[in-house]
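Now for the letters of each chain:
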Amino acid sequence: MRFTHALIPTLKEAPQDATSASHALLLRGGYIRRLGAGIYDFLPLGLRVLRKVERIVRAEMDRAGALEILMPVLLPGEYYKETGRWDLYGDVLFRLKDRKGGDYNLAPTHEEIVTDIARREIKSWRDMPKNLYQIQTKFRDEPRPRAGLLRCREFLMKDAYSFDTSEEKALASYEKMRVAYNNIFTRMGLKYRMVAADSGAMGGNTSAEFQVLVDSGEDAIVACDKCDYAANVEVAEVKVVDPGRRAMATTIRMMKVHTPGQKTIEEVSTFLNVKPSDTFKSLLYVGEGSKEVVMALMRGDHALNEVKLARVLGVSSVHLASEADVKAATGAELGFAGPIGFKGKIYIDRAAALVRNGVSGANETDYHLANVNHGRDFDAEVVDVRQAQDGDLCPRCEGGRLHAYKGIEAGHIFVLGTHYSAKMGATFLDEQQQQKPVVMGCYGIGVSRLVATAIEQHHDDNGIAWPMRVAPYHVHICTLANDGAVVEAAQKLVDGLEAEGVEVLWDDRDERPGVKFKDADLLGVPLRVTIGAKGLAQGAVELKPRTEKDPKKAELVPLDVAAKTIADRVKSALG
RNA sequence: CGGGGCGUAGCGCAGUCUGGUAGCGCACUCGGUUCGGGACCGAGGAGUCGGAGGUUCAAAUCCUCUCGCCCCGACCA
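Numbers given for residues are sequential positions, taken from 1 along each chain in its written order. Labels are handed out in written order, letters beginning with A for the chains and numbers beginning with 1 for the ligands. Local features in this predicted model are restricted to residues of pLDDT 70 or higher, and side-chain atom pairs are both shown and tallied only at a pLDDT of 80 or more, whereas totals for entire chains, interfaces and linings draw on every residue. Remark: hydrogens and water are excluded; side-chain values derive from all non-hydrogen atoms of the structure.

(A) Here's a closer look at the side chain of arginine 509. Looking at the secondary structure, you find arginine 509 in the loop between strand E30 (504–507) and helix H13 (513–523). A polar contact is formed between the side chain of arginine 509 and the side chain of aspartate 507, at a distance of 2.9 Å. When residues no more than four places from it in sequence are discounted, the contact partners of arginine 509 are Phe3, Thr4, Val515, Lys516 and Asp519. Think of it this way: any DSSP run of H or I at least four residues long counts as a helix, any run of E at least two long counts as a strand, and we number them from the N terminus. What qualifies as a polar contact is a pair of N or O atoms within 3.5 Å, subject to a donor-acceptor requirement within protein and to the restriction that residues adjacent in sequence count only when both atoms come from side chains. In this description, contact between two residues means that some pair of their heavy atoms is separated by no more than 4.5 Å.

Laid out in structure tokens, this is it:
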């Protein structure tokens with residue numbers, strides 16, 4: 001493709017509202033344009049990348065035995081009403097009416113629709129296992145679309161659904177998808193971890209997320225450096241470590257200390273010259289739908305995991321008590337809450353329960369208590385509500401340590417069980433002629449999100465650096481002059497490469513070299529070939545991988561073998 | 001939904017406080033000189049100042065309403 005025939009509107013400056021790297025580079029490189037909040041046009045280059053991601057996903061799904069279908073985006077409202085998600089989904093669901101006033105919604109996901117297919121077409125145990133998938137647009141009226149393609153209101157997703165006769169068989173289908181997903185992320189050239197995840201509102205039990213590791217990621221995950229344990233911090237297990245101070249005398253008298261204005265753990269521990277791990281952090285929480293303020297006591301240097309606390313309380317979610325509630329519950333300003341004298345229910349984290357002679361708030365403004373001991377000075381229910389953090393011992397192996405990573409969720413696989421099939425009457429007859437609900441699994445990959453994710457992981461100050469398999473073109477040729485020899489050499493190389501199946505972008509614009517190099521770096525095609533008088537004088541073209549930072553490090557490739565050499569380089573990168 | 005910010009040419013911005021007939025850089029068009037990491041000179045084209053209403057002799061600027069967008073939080077199969 002000649003640059004002058006293409007539509008690649010690059011920008012020197014990123015639009016001001018693009019804050020993430022992928023968003024800014026996709027806009028600057030002329031890959032996408034914004035049409036509205038969370039709604040984007042894919043320009044030719046962007047579509048090429050999207051199609052490449054799709055191709056990889058499709059190939060692995062097909063290889064895993066899944067069958068591609070296409071379900072509509074415009075859905076009669078009855079299906080979501082049938083499972084209750086018409087209401088459950090709330091404002092995230094795009095709803096509309098047809099001319100007769102009938103309810104419709106745009107598909108945010110397709111469990112209902114695929115389950116409808118199953119209940120009509122899958123009748124016998126002989127019909128399973130089956131796995132149906134599609135690559136289709138999804139619509140979600142997100143509370144807050146952001147970061148370009150990372151969180152859109154309209155986006156492209158691959159969603160697959162497995163149907164089995166039993167929980168065990170469903171696990172086998174799930175396992176197949178796990179393998180396929182690993183293949184997909186590996187083929188895309190991404191660094192990722194499969195992590196244990198919260199199943200959330202999907203229902204079901206077994207689930208794992210595929211997190212692409214990038215510093216700008218929104219999800220916090222921990223992974224062991226020794227074994228394969230990895231989890232979203234929302235669900236990460238923690239190992240209780242006995243600080244070895246249990247034997248320490250607990251006979252030291254508790255005493256009140258004046259700590260004017262010292263509110264945070266850091267301030268208090270510095271002020272009293274004690275380690276944060278020898279203090280208690282008293283957090284006041286309110287469960288969803290409750291008015292009761294409860295106290296969660298953490299070791300000073302530990303963080304609380306709200307998902308775990310919600311589970312302990314048996315509620316869907318928890319939130320920190322308001323400042324007014326804290327004052328009412330403790331009779332003190334924020335920062336001086338403590339277990340002693342607290343009227344409400346107290347939960348203490350397992351690690352905090354081991355603290356000896358610790359410091360806690362006194363429930364009195366400007367005062368703390370020293371030499372506080374659980375069991376001696378106050379009672380509390382011992383629970384696990386701690387959030388895993390970097391450096392923790394691995395809960396699964398001996399000696400491994402957890403490291404914290406930031407990730408972007410690019411895929412999620414679930415065993416759904418019979419949640420939808422039971423509700424919608426998707427049943428089959430088993431060998432004993434028993435009518436049973438099919439056991440389902442669902443497996444999603446954010447295809448358009450993956451485009452952005454790949455950039456988040458593969459870019460530098462100058463632009464994108466695509467992995468070969470998802471790059472819009474394999475080779476970017478920059479001709480530095482419009483004279484006969486250069487153009488002739490370029491045309492020959494383009495022909496030679498294309499004959500080998502290599503995708504070539506030829507910057508034939510009448511621009512200065514600097515402009516072409518800057519744009520080449522911005523677009524991020526993996527291999528750049530420079531053809532100019534300098535190289536041609538030596539009978540060669542210059543080859544430079546996008547990832548090579550030093551502009552002088554180009555490799556001279558003799559003209560007569562250039563097509564073959566470069567094509568081989570591309571093929572080896574494509575595997 | 002709570003908090004903050006922004007809407008002026010395709011992009012980045014100034015002008016708004018203190019009302020006086022819209023400007024800069026890049027991009028674009030034409031002419032010329034250049035040509036190995038975002039060249040230079042000259043001449044141009046391009047704007048309902050987000051929208052509606054109001055105040056005023058006069059509104060990008062002041063007032064009211066409204067729409068949109070971004071960020072933080074809440075939320076996120």
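(B) Region of interest: the state of the cysteines. Note on terminology: disulfide denotes any pair of cysteine sulfur atoms within 2.5 Å. Per the counting criterion, the structure on display carries zero disulfides. Cysteine 397 forms no disulfide, and the closest cysteine sulfur to it belongs to cysteine 224, at a distance of 3.7 Å.

(C) Fine view of the sheet that holds strand E20 (residues 367–372). Two strands qualify as a pair provided that DSSP identifies no fewer than 2 bridges between them. One open sheet holds the three strands; their spatial order is E13-E20-E19, and the pairing between them is antiparallel. Among the strands making up the open sheet, the edge pair consists of strand E13 (255–258) and strand E19 (358–364). Strand-to-strand, the axes of this sheet are offset by a mean angle of 35°, without reference to chain direction. Looking at chain direction, E19 and E20 are connected through four bridges and run antiparallel. Within the sheet, the bridge partner assigned to glycine 361 lies in E20 and is histidine 368. Only the stretch in contact is used when fitting a helix axis, every axis being a line fitted to C-alpha atoms; angles between N-to-C directions are given from 0 to 180 degrees.

(D) Spatial organisation of empty space enclosed by the protein. Space inside and on the surface of the protein is sampled on a 1 Å grid over the protein atoms alone, with a cavity defined as a set of points where a 1.4 Å probe fits but cannot get out and a pocket as an open set with protein on both sides within 12 Å along at least 5 of 7 lines; lining residues have an atom within 4 Å of a point. Grid points are joined across faces, edges and corners, and a volume is the space filled by probe spheres set on the points. Under the criterion given, the structure shown has one cavity of 30 Å³ or more. Approximately 40 Å³ is the volume attributed to the largest cavity. If you go around the largest cavity, the residues you meet are His476, Ala520, Asp521, Val525, Arg528, Lys544, Pro545 and Arg546. Looking at the lining of the largest cavity, the elements that each hand over two or more residues are H13 and strand E32 (540–545). Residue classes follow a fixed rule: Ala, Val, Leu, Ile, Met, Phe, Trp, Tyr, Cys and Pro count as nonpolar, while Asp, Glu, Lys and Arg count as charged, and any other residue, Gly among them, counts as polar. Taken together, the residues of the lining of the largest cavity break down into three nonpolar, one polar and four charged.

(E) Inspection of the packing of helix H2 (residues 44–63) against helix H11 (residues 447–457) at higher detail. As a packed pair, H2 and H11 sit with axes 9 Å apart at the nearest point and diverge in direction by 110°. Taken together, the axes of H2 and H11 are roughly perpendicular relative to one another. Crossing of H2 against H11: the hand is right-handed. On H11, the residues touching Val49, Leu50, Val53 and Glu54 of H2 are Val447, Ser448, Leu450 and Val451. Oblique is the label for every angle not falling under 35 degrees (roughly parallel), over 145 degrees (roughly antiparallel), or within 65 to 115 degrees (roughly perpendicular). With the far helix as reference, a near helix turned anticlockwise by less than a right angle produces a left-handed crossing, and one turned clockwise produces a right-handed crossing.

(F) Local environment of unusual backbone geometry. Omega for the bond connecting methionine 128 with proline 129 falls within 30 degrees of zero, at 0°, which places this linkage in the cis form. As for its placement among the helices and strands, proline 129 is situated in the loop between helix H5 (111–121) and strand E7 (130–139). Unlike most non-glycine residues, aspartate 366 shows phi in positive territory, near 70°. Within the element layout of this structure, aspartate 366 appears in the loop between E19 and E20. The residue glutamine 433 is not glycine, and still its phi comes out positive at about 60°. Within the element layout of this structure, glutamine 433 appears in the loop between strand E24 (427–429) and strand E25 (435–437).

(G) Structural context of the environment of methionine 194. Residue placement: methionine 194 occurs in strand E9 (residues 192–196). Each residue's exposure class comes from its accessible area (1.4 Å probe, protein chains only) as a fraction of the maximum for that residue type: buried when under 20%, exposed when over 50%, partly exposed otherwise. Here methionine 194 falls in the partly exposed class, since its relative accessible area comes to 29%. In sequence terms methionine 194 and glycine 411 are 217 residues apart; their C-alpha atoms lie 9.0 Å from each other. Discounting residues that sit within four places of it in the chain, methionine 194 has contacts with Arg178, Ala208, Glu209, Phe210 and Ala230.

(H) Quick peek at the pairing of strand E11 (residues 219–224). Looking at chain direction, E11 and strand E23 (residues 402–417) are connected through six bridges and run antiparallel. Among the inter-strand pairings, aspartate 219 is bridged to a residue of E23, identified as glycine 407. Across three bridges, E11 lies against strand E12 (residues 230–232) in antiparallel orientation. Counterpart to valine 222 in the pairing with E12 is alanine 231. A loop of five residues connects E11 with E12, the two strands running antiparallel in sequence.

(I) View of the packing of aromatic side chains. Working definition: rings of Phe, Tyr and Trp (its six-membered ring) pair if their centres are within 6.5 Å, and the pair is stacked with planes under 30 degrees apart, edge-to-face with planes over 60 apart, and tilted otherwise. Counting across every chain of the model gives seven aromatic pairs. On the numbers, 5.4 Å between centres and 10° between planes, the contact of phenylalanine 185 with phenylalanine 210 is stacked. Of the two residues, phenylalanine 185 sits in helix H6 (residues 167–187) while phenylalanine 210 sits in strand E10 (residues 207–213), which places them 25 residues apart along the sequence. Of the two residues, phenylalanine 185 and phenylalanine 210, both sit in the buried class. Taken together, the aromatic side chains of Tyr181, Phe185, Tyr192 and Phe210 make up a single cluster linked through ring pairs. Here, a charge over a ring means that NZ of Lys or CZ of Arg falls within 6 Å of the ring centre while also lying within 35 degrees of the ring normal. Against the face of tryptophan 86 rests arginine 95, its NZ or CZ located 5.0 Å from the ring centre.

(J) Up close: the sheet that holds strand E31 (residues 527–531). Read from one edge to the other, the open sheet built from five strands follows the order E30-E29-E31-E32-E33, with strand pairing classed as mixed. Across the chains shown, the open sheet's two edge strands, defined by having one partner strand only, are E30 and strand E33 (555–558). Taking the axes of each pair of neighbouring strands and ignoring which way they run, one obtains an average angle of 25° across the sheet. Strand direction decides the pairing type here: strand E29 (residues 475–479) and E31, joined by five bridges, are parallel. The partner of histidine 476 across the bridge, within E31, is arginine 528. Helix H12 (residues 484–499) rests against E29, E30 and E31 of the sheet, and its axis sits at about 170° to E30. This element, H13, spans E29, E30 and E31 of the sheet and lies at about 170° to E29.

(K) Structural detail: the pattern of salt bridges. By convention in these notes, a salt bridge is any Lys or Arg side-chain nitrogen within 4 Å of a carboxyl oxygen on Asp or Glu. For the structure on display, the rule yields 35 salt bridges. With a closest N to O distance of 2.9 Å, arginine 119 and aspartate 116 form a salt bridge. Taken together, the residues arginine 119 and aspartate 116, both in helix H5 and three residues apart, mark about one turn of the helix. Residue class for aspartate 116 comes out buried when judged on its relative accessible area of 7%. A single network of salt bridges, built from pairs that share partners, joins Arg51, Glu54, Arg58 and Glu68.

(L) Looking closely at the nonpolar core. Tyr31, Tyr181, Phe185 and Trp466 are the most contacted members of the largest nonpolar core, which totals 64 residues. Not counting chain neighbours up to four residues away, the residues in contact with tyrosine 181 comprise Met61, Lys158, Phe210, Gly411, His412, Ile413, Tyr443, Gly444 and Ile445. We define the nonpolar core as a collection of buried residues of types Ala, Val, Leu, Ile, Met, Phe, Trp, Tyr and Cys that are connected through side-chain atoms lying within 4.5 Å of one another.

(M) Spotlight on the confidence of the model for chain A. The predictor reports its confidence for every residue as pLDDT, a score running from 0 up to 100. Residue-level pLDDT values for chain A average 87, and 97% of them are 70 or greater. Below pLDDT 50 for its whole length, residues 200–204 participates in eleven contacts with residues either more than four positions away or in separate chains. With pTM at 0.84, the complex prediction returns an ipTM value of 0.89.

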